[in-house]
Amino acid sequence: MKDAWLSACDNTIQTFVRDSTRLEPNALKVTPVEYIDFHYQIGLRLLFKAQTLTLHQAGGITAHADTQVYRTRPDYERALQAETSAVLARDKTLDDARARLLSNPYGAWRKEEVVYSHPTRICLTDSCDSCRGKGSVNCRHCSGSGKTTCHSCSGSGQVMRQRSYYDHFTKQNRIEHYYESCSGCIGSGRVRCSSCGGSGDERCSPCNGTGVVSHITSIATAGTPDYQLIYPQADVPNFIREGLYKAGLPELAKYGNVQHAQDEVDYARRDVTVMYDASLPFGRLESPLPEADEPIRWILYGVTPHILDAGHVLQTLLKSDLDMLVRQATPGKLLNPWVARASRKTVRTFMESEAHQAMLVENSRGKKGDMLREALNRAFATPYLDEALTSLAKIVGAVQRWSVIKWGLFTALFIYLLAPALVVYQKQGVMDFERARIYLTFPIQAASTYQLLYSLKAVAILHGLPMVAAALCGTVLGYLWRRGWLKRRFGKHLAAWSLEQKRVRNRWAVGTLFTLAATLLLFYLFPVWITQDEMLFGMLPMHDLFRQLAQLR
C-alpha cells in the first residue's frame, strides 16, 4: 500500500513538472523522505434555528385549520412567538435531521437546509399603509388634482397658427404667425386627467383597492452543519493541518477514508452530533536540482495524491523566463512604439508554462499574494508572483497605450484624406481671394484666440459630423484589433486576464479626442487647397477627378 502510494506520488510530481514547464518526463529524480498514514476524527454538529417567511396579499384572508388570522399586531406577534417556540421545541425535528444525516454520504450536508416546515400559518390582516385603509391614493399623473398639462399647447393655453396674405407693396405672398386660444383646454392650459378620469384618485396597488393587506407568515426549522477536526494528539505537524483544511472539511471523503463512528441527539441542547473516524495519507519527498542550492521538498496528500507544497520548484525552473519578462518590462523597452512586436516572443515563452496560465486564471478570480501562492501549490514564492503579474501588466498597458496612439494617428490620416473628397462632393470649398486658392479643408488660423476659436467652429460645421463618426469607428476598430492581437500573439489566457483586469479597454473617449486633435493638427499644418483651374497645391491637375465626383453627386 505504502509503495504503491509513493509511486503514485512520483507520477503526480512528474506530470506536474512536465505540464508546468518545458522539461521532459522523468527529468526529476524523486526520493521519499517520510510517509504518514494520519488517523483523526471529524465531528459534525447540526445547529437549529427558526426561519420565518412573510408574504403579503391584497385583501383579507379567512381563518382555517392551518391558518390563524389576527386583527391587531400585538396579538399577531404573541401568536408568532408562541408558534416559533413550539416549532423549536419539536423533538421529531431532531430525529428527522439525524435520519437524513445518516442516510446521506459524509459531506452531503454543507449549508443551511430546512428540516421541518410548520403547517400552520400566522396571518395579520391590517389596514393598508399606502392608502391608510381608503383603497385609493392620489393619481400619479395628476398628483390628485384631476388635471394634467395640455399637450397641444404645452400648458400655455395658446397655440401658434400661420396664414398667408398678398403684399401689394412688394407684389409677393407673405406668411405671418399669430397665437390663438387652444381649443383642447379652452385657454386654461390644463385638461382632465385621462388616467383617473378627473377624480384625482387611483386604485391602491398593494391592497388592490380593498384598503386591507394580509401578512402571511410561515415558520420552518433549518439545520446548519458545523464541521470540526479532532486530532489524536496535540503535536500534529503543520503541513497535516494545512492539507486537511485545504482539502475542505466537507470534501475529506474524496481524499481519504471517512467512516461513521457514533451519533447522538441532545434534546436538551437542541442539536445533533455525529462522529466520524477518518484517515488520510501524507508524504514528504525530495528532488535534487542543479539550479537550487538545496533539494526541492515536496508534500503530497490524499488517496489520489495531490500536491500541497511544491517547494518553489517551478520558480527555480522558470526563473529565466521571468528574468526575460522583467527586462522586457523596463521603462526603456516600454517606450518603444513597437513594444507589442518586440515583446511577443518573450511573453509567449513565459505563457507556455501551464503554471503561469493557472496564475492568471486564479488572479482573475480575485486571488493575490499568499492566497494566489496557495492556489498554485506553493510552487512559487509570493514575490515571484507579484513580479510576474506586475511585468505582464506593464507590457499589456504599454501595448494598450501605443495601440490607442497608432490607431488615432491612422484614423486622423484617413479623415485628412477623406475630408477633401467630401468637400468636393458637397461643393463646400472655402475661397481665399488674396491667395487665389480654394481650400478643401478649412484653413485654421492661430494668430489670435478669436481666429483660433473661429477656425475651430468653422471646421466643426464643415467637417464635424464625419470627423466624430470616423474617430469613434477608428477607436472601436482599434479596441477589437487589440483584443484579437493579444489572443493570437500572447495567448488566450493572457488576453482573458487582460480583459478581466481591465488592462485592455476601449478608451473610446481618449481615442476619439486624440484622433480629433491629430486631425486638426494635420488641417493646421497641411491644409489641402487647389487653384481656380483645379490644380492641387498648384501642381497636380484634379479636374477629371472632380468632374467624376460631381457626376456621382
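All values reported here derive from a predicted model rather than from experimental measurement.

Enquirer: How should I be thinking about the overall build of the protein chain in this particular structure?
Expert: Along the protein chain, the regular secondary structure elements total 16 helices and 20 strands. In terms of overall size, the protein chain is more extended than a compact globule, its C-alpha atoms giving a radius of gyration of 40 Å where 553 residues would be expected to give roughly 24 Å. Dimensions of the protein chain, computed from C-alpha atoms along their principal axes, come out at roughly 115 × 85 × 40 Å. Scored against the burial criterion, the 553 residues of the protein chain give a buried share of 41%. Long-range pairs, those at least 24 residues apart, make up 71% of the contacts in the protein chain with a sequence separation of at least 6. Roughly 31,600 Å² of accessible area belongs to the protein chain as shown, and the carbon and sulfur atoms make up 53% of that amount. Looking at charge distribution, the protein chain has the averaged site of its 65 positive side-chain charges lying 11 Å from that of its 51 negative ones.

Enquirer: Is there a simple way to think about the pairing of strand β13 (residues 271-287) in this case?
Expert: Where a strand is regular, its side chains alternate between the two sheet faces. Across the 17 residues of β13, 14 count as buried, placing the element largely inside the fold. Sheet topology note: the strand β12 (residues 257-266)/β13 ladder contains 9 bridges and is antiparallel. Bridged to Asp266 within β13 is Asp271. Between β12 and the antiparallel strand that follows it, β13, lie 4 residues; Arg270 among them carries a positive phi value of about 60 degrees. Where β13 lies against strand β14 (residues 296-301), 6 bridges are found, and the strand directions are antiparallel. Counted as the bridge partner of Leu285 is Trp298 from β14.

Enquirer: Sorry if this is basic, but what is going on with the side chain of Thr93 here?
Expert: Looking at the element boundaries, Thr93 is found in helix α3 (residues 91-103). A residue is classified by how much of its surface remains accessible, and Thr93, at 2% relative accessible area, is buried. A distance of 3.0 Å separates the side chain of Thr93 from the side chain of Arg90, its partner in a polar contact. Ignoring anything within four residues of it in the chain, the contact list for Thr93 reads Val87, Val115, Tyr116 and Thr221.

Enquirer: For this particular structure, what's the right way to read a positive patch on the surface?
Expert: Taken together, the side chains of Arg341, Arg348, Arg488 and Arg489 define a basic patch exposed on the protein surface. Looking at the secondary structure, you find Arg341 in helix α8 (residues 339-342).

Enquirer: What's the story with unusual backbone geometry in this structure? I'm lost.
Expert: Negative phi is the rule for most residues except glycine; trans is the rule for most peptide bonds. The backbone of Arg132 sits at a positive phi, close to 60 degrees, despite the residue not being glycine. Turning to its location among the elements, Arg132 is positioned in the loop between β4 (121-127) and β5 (136-138). Among the residues examined, Arg132 registers a relative accessible area of 77% and is labelled exposed. A positive phi angle, close to 55 degrees, is found at Ser154, a residue other than glycine. Checked against the element boundaries, Ser154 lands in the loop between β6 (147-149) and β7 (158-167).

Enquirer: I tried to follow the packing of helix α12 (residues 382-426) against helix α14 (residues 492-500) on my own but got confused; where do I start?
Expert: The angle between the axes and the distance between the axes are what describe a pair of packed helices. Remark: α12 packs on α14, axes separated minimally by 11 Å, with the N-to-C direction vectors making an angle of 80 degrees. On the basis of the axis angle, α12 is roughly perpendicular to α14. On the side of α12, the interface is formed by Leu389, Leu392, Ala393 and Val396, while α14 contributes Leu494, Trp497 and Ser498. Tallied by class, the residues present in the contact of α12 with α14 amount to 6 nonpolar, 1 polar and no charged.

Enquirer: Honestly, the packing of aromatic side chains in this entry has me stumped. Any pointers?
Expert: Aromatic ring pairs are reported here in terms of the distance separating the ring centres and the angle at which the planes meet. In this structure the tally under the stated criterion is 16 aromatic pairs. Judged by centre distance (6.4 Å) and plane angle (50 degrees), the rings of Trp407 and Trp481 are tilted. Here the residue Trp407 occupies a position in helix α12, and Trp481 occupies one in helix α13 (residues 449-490), the gap between them amounting to 74 residues. For Trp481, a relative accessible area of 34% puts it in the partly exposed group.

Enquirer: How should I be thinking about the environment of Leu520 in this particular structure?
Expert: With respect to the element layout, Leu520 can be found in helix α15 (residues 508-525). The spacing of Leu520 and Phe442 is 78 residues in sequence and 9.8 Å in space, taken between C-alpha atoms. Contacts of Leu520, omitting those with residues within four sequence positions, involve Ile444, Leu456, Val459 and Met467.

Enquirer: What should I look at first to understand α14 in this one?
Expert: For the α-helix, the turn length of 3.6 residues means that residues three or four positions removed from each other point alike. For α14, every residue scored as buried is listed here: Leu494, Ala495, Trp497 and Ser498. All buried residues of α14 fall inside an arc of 165 degrees around its axis, so they share one side. In α14, the exposed residues that point more than 90 degrees away from the buried face are Lys492 and Glu500. Tucked inside the fold, the buried residues of α14 contact α9 (344-351), α10 (354-364), α12 and α13. In the stretch just after α14, Lys502 is the one whose phi turns positive, near 60 degrees.

Enquirer: In this structure, what is going on with the pairing of β7? I would like to understand it.
Expert: For β7 and strand β8 (residues 172-181), the ladder comprises 10 bridges, and the chain directions are antiparallel. Considered in β8, the bridge of Ser164 is made with Ile175. Count of turn residues in the β7/β8 antiparallel hairpin: 4 residues, of which Lys171 carries a positive phi of about 60 degrees.

Enquirer: Would you mind going over the nonpolar core with me for this structure?
Expert: Across soluble globular proteins, nonpolar side chains show a tendency to be buried alongside one another. In terms of nonpolar packing, the biggest core is built from 54 residues, with Trp298, Val313, Met359 and Leu392 touching the most fellow members. At 10 residues, the largest contribution of residues to this core is made by α12. In terms of nonpolar packing, the next biggest core, distinct from the first, is built from 35 residues, Trp109, Tyr227, Val236 and Val265 among them.

Enquirer: Would you mind going over α9 with me for this structure?
Expert: By the burial criterion, the buried members of α9 are Thr346, Val347, Phe350 and Met351. Around the axis of α9, the buried residues are gathered within 125 degrees of arc, so they sit on the same side. Against α6 (319-328), α10, α12, α13 and α14 lie the buried residues of α9.

Enquirer: Would you mind showing me how to read the environment of Pro290 here?
Expert: Position of Pro290 among the secondary structure elements: in the loop between β13 and β14. In the structure, Pro290 is positioned 50 residues away from Ala340 in sequence and 34 Å away in space, judged by C-alpha atoms.

Enquirer: Is there a simple way to explain the packing of α10 against α14 in this structure?
Expert: α14 packs onto α10 with a crossing angle of 20 degrees between their chain directions and a minimal axis gap of 9 Å. Our classification of the angle between α10 and α14 gives roughly parallel. Of the two possible hands of crossing, α10 and α14 adopt the one that is left-handed. Counted together, Gln357, Leu360, Val361, Asn363 and Ser364 of α10 and His493, Leu494, Trp497 and Glu500 of α14 form the full contact between these two elements. Its residues assigned to classes, the contact of α10 with α14 shows 4 nonpolar, 4 polar and 1 charged.

Enquirer: Any chance you could explain a nonpolar patch on the surface here in plain terms?
Expert: A surface patch of nonpolar side chains, about 420 Å² in accessible area, is lined by Leu521, Tyr524, Leu525 and Phe526. Relative to the helices and strands, Phe526 resides in the loop between α15 and β18 (529-530).

What counts and what doesn't
Residues numbered from 1 in each chain as written. Predicted model: local features only at pLDDT ≥ 70, side-chain atom pairs only at ≥ 80, totals over all residues. Heavy atoms only, no water. Helix = DSSP H or I, 4+ residues; strand = E, 2+ residues; numbered from the N terminus. Rg over C-alpha atoms; globule rule 2.2 N^0.38 Å. Buried < 20%, exposed > 50% of the residue type's maximum accessible area, 1.4 Å probe, protein only. Contact = heavy atoms within 4.5 Å. Areas by Shrake-Rupley, 256 points an atom, 1.4 Å probe, with all protein chains shown as cover. Lys, Arg positive; Asp, Glu negative; His and termini not counted. Charge placed at Lys NZ, Arg CZ, Asp CG, Glu CD. Pairing = 2+ DSSP bridges. Polar contact = N/O pair within 3.5 Å; in protein donor to acceptor, adjacent residues only side chain to side chain. Patch = residues over 30% accessible without salt bridge, like charges linked within 9 Å, V, L, I, M, F, W, Y side chains within 5 Å. Salt bridge = Lys/Arg side-chain N within 4 Å of Asp/Glu carboxyl O. Axes fitted to C-alpha atoms, helices over the stretch in contact; angles between N-to-C directions. Parallel < 35°, antiparallel > 145°, perpendicular 65-115°, else oblique. Nonpolar A, V, L, I, M, F, W, Y, C, P; charged D, E, K, R; others polar. Phe/Tyr/Trp six-rings, centres within 6.5 Å; stacked < 30°, edge-to-face > 60°. Arc of directions from axis to C-beta. Core = buried A, V, L, I, M, F, W, Y, C linked by side-chain atoms within 4.5 Å. Left-handed = near helix turned anticlockwise from the far one by under 90°.

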